[in-house]
Amino acid sequence: GAGVSQTPSNKVTEKGKYVELRCDPISGHTALYWYRQSLGQGPEFLIYFQGTGAADDSGLPNDRFFAVRPEGSVSTLKIQRTERGDSAVYLCASSFDPGLADTDTQYFGPGTRLTVL
Amino acid sequence: AQRVTQPEKLLSVFKGAPVELKCNYSYSGSPELFWYVQYSRQRLQLLLRHISRESIKGFTADLNKGETSFHLKKPFAQEEDSAMYYCALSGRLAGSYQLTFGKGTKLSVIP
């Protein structure tokens, strides 16, 4: 079946602009995660949704970052007043019930490469 | 706080030689450990996890709680093993489902 998809694959913007990054999870997956990967680093957790609600947003770096998942499927990560330090690959992952060992495997999308000039 | 350390940024081995990718972790509870792999131009994918105790593509990893390690091993490296490998930790048993990743090790298998 189709895997996790993310759009756009690349986004170039200017400092101070607003951007939206979209994630389409695997059909039927109730959990959705956003990570950010800077150059030379491993992915870093941003936020996790269970259904429509943000169950853990402890990784969001500041209030310029916000994410929604209004219908419990597609999610949008929103970044206001972008800064050069926001440049990174933004990864989305989804899973079935994360509370169970058999269903918590996170499947990753291809990522969106964000460049802030 | 949970932390994952992969001390080697790059590891080069000859084809047929043994491979060991090191991973150490810091976590106060009972962690779950994973190895993820990213082949060139592909997305990040799960290679194996400690609770399944499987061998995937000839790779194995044993969780050593005493040494807080989860090293990835393969007895005979193949060229197709060349990739970026990330060790990751989850606190699933404590209700923390986020993955904490190490910085990754790039494995290069020389023909």
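Heads up: the structure comes first, above all this text.
Here goes a summary of the coordinates provided.

Calculation rules
- Residues numbered from 1 in each chain as written.
- Chains lettered and ligands numbered in written order.
- Predicted model: local features only at pLDDT ≥ 70, side-chain atom pairs only at ≥ 80, totals over all residues.
- Heavy atoms only, no water.
- Pairing = 2+ DSSP bridges.
- Helix = DSSP H or I, 4+ residues; strand = E, 2+ residues; numbered from the N terminus.
- Buried < 20%, exposed > 50% of the residue type's maximum accessible area, 1.4 Å probe, protein only.
- Polar contact = N/O pair within 3.5 Å; in protein donor to acceptor, adjacent residues only side chain to side chain.
- Contact = heavy atoms within 4.5 Å.
- Salt bridge = Lys/Arg side-chain N within 4 Å of Asp/Glu carboxyl O.

A closer look at the sheet that holds strand 7 (residues 60–61) of chain B
Residues and elements named next belong to chain B.
Piece 1. Pairing in this open sheet of three strands is antiparallel, and the strands run 3-8-7 from one edge to the other. The open sheet has two free edges, formed respectively by strand 3 (19–21) and strand 7, since each of these has just one partner strand.
Piece 2. Pairing geometry for strand 7 and strand 8 (residues 72–74), over two bridges, is antiparallel. Following the sheet pairing, Ala-61 is matched in strand 8 by Leu-72.

Regarding the side chain of His-29 of chain A
Residue and element names in this part refer to chain A.
Piece 1. With respect to the secondary-structure elements, His-29 resides in the loop between strand 3 (19–24) and strand 4 (31–37).
Piece 2. A relative accessible area of 6% means that His-29 is categorised as buried.
Piece 3. One polar contact links the side chain of His-29 to the main-chain amide nitrogen of Ser-95, over a distance of 3.2 Å.
Piece 4. With sequence-adjacent residues up to four places away left out, His-29 is seen in contact with Arg-69, Ser-94, Ser-95, Phe-96 and Tyr-107.

Examining the pattern of salt bridges
Residue and element names in this part refer to chain A.
Piece 1. Within this structure, the stated rule accounts for nine salt bridges over all chains.
Piece 2. Its salt-bridge partner being Arg-64, residue Glu-83 comes within 3.5 Å of it at the nearest N-O pair. Taken as a pair, Glu-83 in the loop between strand 8 (75–79) and strand 9 (88–95) and Arg-64 in the loop between strand 6 (53–56) and strand 7 (65–68) lie far apart in primary sequence, 19 residues in all.
Piece 3. Within this structure, Arg-64, Glu-83 and Asp-86 form a network of salt bridges that share partners.

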